[in-house]
Amino acid sequence: MTSTPQPPQGPAPTANAMRRALKRARDGVALDVAEAAVLLQARGADLEDLCASAARVRDAGLEAAGRPGVITYSKSVFIPLTRLCRDKCHYCTFATVPGKLRRAGEGMFMSPDEVLDIARRGAALGCKEALITLGDKPEDRWPEAREWLDAHGYDDTIAYVRAISIRILEETGLLPHLNPGVMTWTDFQRLKPVSPSMGLMLETTAERLWSEPGGPHYGSPDKAPAVRLRHLEDAGRSSVPLTSGLLIGIGETYEERAESLFALRRVARAYHGIQELILQNFRAKPDTAMRGMPDAELDELVATVAVARHIMGPSACLQAPPNLVAGEYARLIGAGIDDWGGVSPVTPDHVNPERPWPQIDELAERSAAAGFRLRERLAVYPEFVRRGEPWLDPRILPHVRALADPETGLANEHAEVTGLPWQEPEDVFVPSGRTELHRAIDTEGRTADRRDDFDEVYGDWEALREAAAPGMVPERIDADVRAALSQAAEDPTRLADAEALALLHADGPALDALCRIADDLRRDVVGDDVTYIVTRNINFTNVCYTGCRFCAFAQRRTDADAYTLSLEQVADRAAQAWDVGAVEVCMQGGIHPDLPGTAYFDIARAVKERVPGMHVHAFSPMEIVNGASRTGLSVREWLTAAKEAGLDTIPGTAAEILDDEVRWVLTKGKLPAATWIEVVETAHELGIRSSSTMMYGHVDQPRHWLGHFRRLVEIQRAALSKNVGGFTEFVTLPFIHTNAPVYLAGISRPGPTMRDNRAVTAMARLLLHPYIPNIQTSWVKLGAEGAAEMLRSGANDLGGTLMEETISRMAGSSYGSYRSVRDLVAIAETAGRPARPRTTLYGEVPAERVAAAAASDGHLPELLPVLEE
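These figures come from a predicted structure and were not determined experimentally. (Residues numbered from 1 in each chain as written. Predicted model: local features only at pLDDT ≥ 70, side-chain atom pairs only at ≥ 80, totals over all residues. Heavy atoms only, no water.)

Visitor: How should I be thinking about the packing of aromatic side chains in this particular structure?
Guide: Pairs of aromatic rings are described using the distance from one ring centre to the other and the angle between the two planes. As enumerated under the stated definition, the model contains 15 aromatic pairs in all. Here Trp148 and Tyr160 contribute two aromatic rings whose centre-to-centre distance is 4.9 Å and whose plane-to-plane angle is 55 degrees, an arrangement assigned as tilted. Residue Trp148 is located in helix α6 (residues 143-151), and its partner Tyr160 is located in helix α7 (residues 157-171); the two are separated by twelve residues in the primary sequence. Like Tyr160, Trp148 is buried. With 5.8 Å between their ring centres and 70 degrees between their planes, Tyr696 and Trp705 make a pair best called edge-to-face. The pair formed by Tyr696 and Trp705 is uniform in burial state, with each residue classed as buried. (Phe/Tyr/Trp six-rings, centres within 6.5 Å; stacked < 30°, edge-to-face > 60°. Helix = DSSP H or I, 4+ residues; strand = E, 2+ residues; numbered from the N terminus. Buried < 20%, exposed > 50% of the residue type's maximum accessible area, 1.4 Å probe, protein only.)

If you want it as structure tokens, here you go:
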């Protein structure tokens, strides 16, 4: 028999330390980790004192939430979808092995019929939550799990979870609360449309309990604290209401327990997405490696609840499972809980099968004896029911509203629990809002400099400021700039990181020399011609709830500047662009919550049907992941279908900086760097080429630029090794700060300097050589003079005429939305260079297109916009 050794606890706190910590708790002063660790050891009269102050904090929160004296629970069924797991937690009896399942006559997964039978029985008894619990990624460990999934047509366990959730919604009306273990950011996008809430216990942040042999989590890859914290953060970034919590008494010290609570507070504060915390006491079970460990005593749990209440604050929802406390309900209520969790009249607690649920009537009586009314809630907490978007996907929202009390957000206990169709929102492409914004942005401007929900939608600004600070500290550069310049001139492919960083920091004469070297390389590689493309931007909607903190384009559907175009308007604009000589339309939009994943196919198809010869350059990697997750397709399958619908190439936007240190400051919910890379590499493999971009000058430093360039080279080398084209160009995107939320909040810099722009352009030429030969500068962001300077610093392309441009203009760019061909030729002439048109793939433009562009040049503003009066 093995067991986890008792934690190495230090000496008990002194009486003075306890008195001081208790006083701070009573006075409502913020606690630190050391004080929390002291209070976790409160016992007797000290524990009563601690609980009294915690209860006052809880009561203030309930009063503010409009439900004073109410303690909640969820009437649920427990569905153990599979008991196979790739982890090996030493205290767990839930997980099992394929052989035991076979001997018991059970499948590797519950069948849909088995799941629906439980759900229907629950619905008949008024249950409203289907708690779906399963082991982590069983197919990664057990071939039998992989075989079951393959035989039933599922790519992975998450695909089955999604499919069965839809059936539960449609056939029973219960709301799935999903606990599928650790997930990726992409997994959250796949499951968010089918579930109002999800869960993952943090359990502990004590690294040693996972990394050291004999620890309770040793050998369990999904129990690494960093992995679980990343899951909690990805849930917040994805606006998923999440249940989390601690498992106490598994060998952690009081300091480690306190640190775990503070880690949960940091996540809750940063994303406002943790809907409840479960404080669960360890109970030793037979036939486990930890069967010899003592149970966590009730006083341990009571003290942890009280300390958690003080740390998490009045608005937090705290739960303790009632079946694990031997009837001591009053003590937990007195310590500050406000919820009993899921209680089932149908199924046992499959994680703790030896501990039956209490009867709901008994729970109500015990709560009443402590002065509280028991009220039923849904799987998703009332605060998130009232918040609505973006926390509840439009596809799940009707199911939630059918069961919720519209005034309180709690469960409507008299609601009929019955299945409803799970379907895409109707009338998505109805033109609405400020559809003339692409023109009016240059004349009337935007309605306001920020959204009405500025203080909530992006997360906690103070927490973000703290997170951004380390990444904005400049590095000391010790490399010899002269030696680095010599290496750049001789062979830029051999520039070491230290040399490259020195050049990215170059200024004065050194910067001038760097730009000359880059311009000489440009001349040798692509010649003197400055290229441009006659194109039109079509931003088909600006409704978006992703929460990018650099973006001033995104609006809520109710905001004054919000708009959505119809498919006919998109096609009209493409046709209009063709009439005046365009060879390409570049189409991107916000992540509109109503858009089905197939909407992008409809957009591409609408353009191709109206203008067969138009090149469709559309949909950022973020839009692609959104489309794939909403359709249930893989990225590869989705891109294949998009290509069949008319997609030709994709913009490499949504990259920002391919470094998650910077990325998670810039954006709340956009795809991680690794997912961006996966999408782009998949597109390249399918023969769909892309541009590449970098947005810089915000909360970044030159070391982040260098890492970004190196990653782009890796991607392009991989593409070329597979004999596919990969990137067509690299586009510099200087950050426009004026209306950017992250700047208005006082966190970012006010965009890059001219020194930064020259250095980035020059180093893009050098560091991307010879893999990406075309370097594009942005007249929209830099103006004519700035763009000409970049042409002298290594750039060879001016981008497009655009015809309309809303994203940079909403952010505060003052350089307009359109440049005629003559304007672009003039910019090239300012740099002393000739200019010529190009196609998206840098080919020669047909003479007919050149003539059409010349005939209409300078008259485009008279043709805009296409509006239905």
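Structure shown, so let's carry the discussion forward.
Visitor: What should I look at first to understand helix α19 (residues 461-468) in this one?
Guide: An α-helical turn contains 3.6 residues, so any two residues separated by three or four positions project in the same direction. For α19, the set of buried residues is Trp461, Ala463, Leu464 and Ala468. Looking straight down α19, one finds its buried side chains confined to an arc of 155 degrees; they lie on one side. (Arc of directions from axis to C-beta.)

Visitor: Would you mind going over the sheet that holds strand β15 (residues 615-618) with me for this structure?
Guide: Pairing between sheet strands relies on hydrogen bonds along the backbone, with the strands arranged either parallel or antiparallel. Across the sheet, three strands lie side by side as β12-β14-β15; this open sheet has parallel pairing. Edge positions in the sheet fall to β12 (535-539) and β15, since each has one partner strand and no second. In this sheet, adjacent strand axes meet at a mean angle of 25 degrees when their direction is disregarded. Bridge count for strand β14 (residues 584-588) against β15 is four bridges, and the pairing is parallel. By the bridge assignment, Val585 is partnered in β15 with Val616. Along the sheet, helix α23 (residues 567-579) contacts β12 and β14; its crossing angle with β12, the most-contacted strand, is approximately 170 degrees. (Pairing = 2+ DSSP bridges. Axes fitted to C-alpha atoms, helices over the stretch in contact; angles between N-to-C directions. Contact = heavy atoms within 4.5 Å.)

Visitor: Would you mind showing me how to read the packing of helix α5 (residues 112-124) against α7 here?
Guide: Think of two packed helices as two axes; the pair is described by the angle between the axes and how far apart they sit. Running from N to C, α5 and α7 point in directions that differ by 40 degrees, and their axes come no closer than 10 Å. Between α5 and α7, the interaxial angle falls into the category oblique. Seen along the crossing, α5 lies across α7 with a hand that is right-handed. For the pair formed by α5 and α7, the contact residues are Pro112, Val115, Leu116 and Arg120 on the first element and Tyr160, Ile164, Arg167, Ile168 and Glu171 on the second. In terms of residue class, the contact of α5 with α7 is made up of six nonpolar, no polar and three charged. (Parallel < 35°, antiparallel > 145°, perpendicular 65-115°, else oblique. Left-handed = near helix turned anticlockwise from the far one by under 90°. Nonpolar A, V, L, I, M, F, W, Y, C, P; charged D, E, K, R; others polar.)

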